[in-house]
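Read off the chains here:
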Amino acid sequence: MLYALDRLGFHQRTREVINSFPERMKPDGFFAGPEGEWDSNGQVLWIIYQHFKFTQSHTWLHNIFPAVQAGVEWIIKKRHTHQKNSPLHKGLLPPSLSAEHFGTVDQYYWDSFWGLAGIRSAARLAEHLHKTDEAAQWNTEAKKFEADIRHSLDLVHARLGAPLIPATPTRGFDESAVGFVSGIYPLALSELYPEAFNVSLDEFVRRFVTPKGFYHPIIHSGYNAYLTLQLAHAYLW
């Protein structure tokens, strides 16, 4: 919603909301969203970067940068809690409820896609403030995160016999896989594994989208307008 407001020119209203985020940050750097969901830090850092690109306000960015620092360090620490897990899951963000339309607690790629986008965004913001040490550190962390995600997707490719991105490393390619679309739009992460994102998009639409739209049977059961529109955005991206 904030990204849409910025694109429509409502920059002041967008900033008012973004400026409230540090007030919701926990002492450990977690931007508190719904209990047990790990996507919020990546989402906050990503929208801060998008807003900066629209407004180019270095003064505002300087003032909010301490929250950026704390938020990105939370992502880095959180994903390292799973470095010793199986190769399928190594380096991904831990299990969570994630977006509620994926199902029960699991280790969702959605969380890791947002986490990676958050680290990348923080690095770009640091570069704009000429904070070269932070930018270099976070770029290095992003590269490591990318490698862990790519390795997990390689193993899933071998398991499924096709370059598909399910909701989690251990699931089949069902309707809950719709979370992969965020990696194409709006996050522009498809260079991580272009074949998998392209094949997943086409296969998902072939299997699960009808002339009426995407019918989602998980929790929010019914034809889902906003997810259907996100699929369309992915083709336009």
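In this text, all values refer to a predicted model and were calculated from it rather than measured experimentally. (Residues numbered from 1 in each chain as written. Predicted model: local features only at pLDDT ≥ 70, side-chain atom pairs only at ≥ 80, totals over all residues. Heavy atoms only, no water.)

1. Some words on helix H4 (residues 58-80)
Here is step 1 of the chain: The end-to-end C-alpha distance of H4, which contains 23 residues, comes to 31 Å, matching closely the 33 Å that a straight helix rising 1.5 Å per residue would cover.
Here is step 2 of the chain: Taking the largest bend as the criterion, H4 deviates by roughly 50°, centred on Ile64, and proline Pro66 comes between one and four positions later.
Here is step 3 of the chain: Along H4, the positions that sit buried rather than exposed are Trp60, Leu61, Ile64, Phe65, Ala67, Val68, Gly71, Val72, Trp74, Ile75, Ile76 and Arg79.
Here is step 4 of the chain: Tucked into the core, H4 has its buried residues touching helix H2 (11-18), helix H3 (40-55), helix H5 (109-128) and helix H6 (132-160). (Helix = DSSP H or I, 4+ residues; strand = E, 2+ residues; numbered from the N terminus. Expected span 1.5 Å × (residues − 1). Bend = angle between axes of the 7 residues up to and from the residue. Buried < 20%, exposed > 50% of the residue type's maximum accessible area, 1.4 Å probe, protein only. Contact = heavy atoms within 4.5 Å.)

2. A few points about the packing of aromatic side chains
Each pair of aromatic rings is reported with the distance of its centres and the angle of its planes.
Here is step 1 of the chain: Applying the stated criterion to the full structure yields 20 aromatic pairs.
Here is step 2 of the chain: When the ring of Phe102 is compared with that of Tyr108, the centres are 5.4 Å apart and the planes differ by 40°; the resulting orientation is tilted. Like Phe102, the residue Tyr108 is buried in the burial classification.
Here is step 3 of the chain: Considering the side-chain rings of Phe180 and Phe204, the 6.0 Å spacing of their centres and the 70° angle between planes classify their relative orientation as edge-to-face. Here Phe180, found in the loop between H6 and helix H7 (181-184), pairs with Phe204, found in helix H8 (residues 194-208); they are 24 residues apart in sequence, far enough to count as distant.
Here is step 4 of the chain: On the accessibility criterion, Phe204 (0% relative accessible area) is buried.
Here is step 5 of the chain: Members of the aromatic cluster, each reached through a chain of ring pairs, are Tyr3, Trp46, Phe54, Phe102, Tyr108, Trp110 and Trp114.
Here is step 6 of the chain: Over the ring of Trp38 we find Lys78, and its NZ or CZ is 4.1 Å from the ring centre. (Phe/Tyr/Trp six-rings, centres within 6.5 Å; stacked < 30°, edge-to-face > 60°. Lys NZ or Arg CZ within 6 Å of the ring centre and 35° of its normal.)

3. Looking at the nonpolar core
Here is step 1 of the chain: Grouped together as the largest cluster of nonpolar side chains are 72 residues, with contacts concentrated most on Trp138, Phe180 and Phe204.
Here is step 2 of the chain: Of all the elements in the fold, those that place two or more residues in this core are helix H1 (2-7), H3, H4, H5, H6, H7, H8 and helix H9 (225-236).
Here is step 3 of the chain: Sort the elements by how many residues they give to this core and H5 lands first, with 11 residues.
Here is step 4 of the chain: Beyond its immediate chain neighbours, meaning those up to four positions away, Phe204 contacts Phe173, Asp174, Glu175, Ala177, Val178, Phe180, Val209, Phe214 and Leu231. (Core = buried A, V, L, I, M, F, W, Y, C linked by side-chain atoms within 4.5 Å.)

4. Structural notes on the packing of H8 against H9
Here is step 1 of the chain: Between H8 and H9, the shortest axis-to-axis distance is 11 Å and the interhelical angle comes to 140°. The angle between the axes of H8 and H9 places the two elements in the oblique class. Every pair of crossing elements has a handedness; the one defined by H8 and H9 is left-handed. Contacts from Leu201, Asp202, Phe204 and Val205 in H8 reach Leu231, Ala234 and Tyr235 in H9.
Here is step 2 of the chain: When grouped by side-chain class, the residues that make up the contact of H8 with H9 number six nonpolar, no polar and one charged. (Axes fitted to C-alpha atoms, helices over the stretch in contact; angles between N-to-C directions. Parallel < 35°, antiparallel > 145°, perpendicular 65-115°, else oblique. Left-handed = near helix turned anticlockwise from the far one by under 90°. Nonpolar A, V, L, I, M, F, W, Y, C, P; charged D, E, K, R; others polar.)

5. Looking at the pattern of salt bridges
Here is step 1 of the chain: Evaluation of the coordinates by the stated rule reveals eight salt bridges.
Here is step 2 of the chain: Between Arg79 and Asp148 there is a salt bridge, with its nearest N and O atoms 2.7 Å apart. Taken together, the residues Arg79 in helix H4 and Asp148 in helix H6 connect sequence positions 69 residues apart.
Here is step 3 of the chain: Notably, a salt bridge pairs Glu146 with Arg120, separated by 3.0 Å at the nearest N-O pair. Of the two residues, Glu146 sits in helix H6 while Arg120 sits in helix H5, which places them 26 residues apart along the sequence. Arg120 carries the same exposure label as Glu146, and that label is buried. (Salt bridge = Lys/Arg side-chain N within 4 Å of Asp/Glu carboxyl O.)

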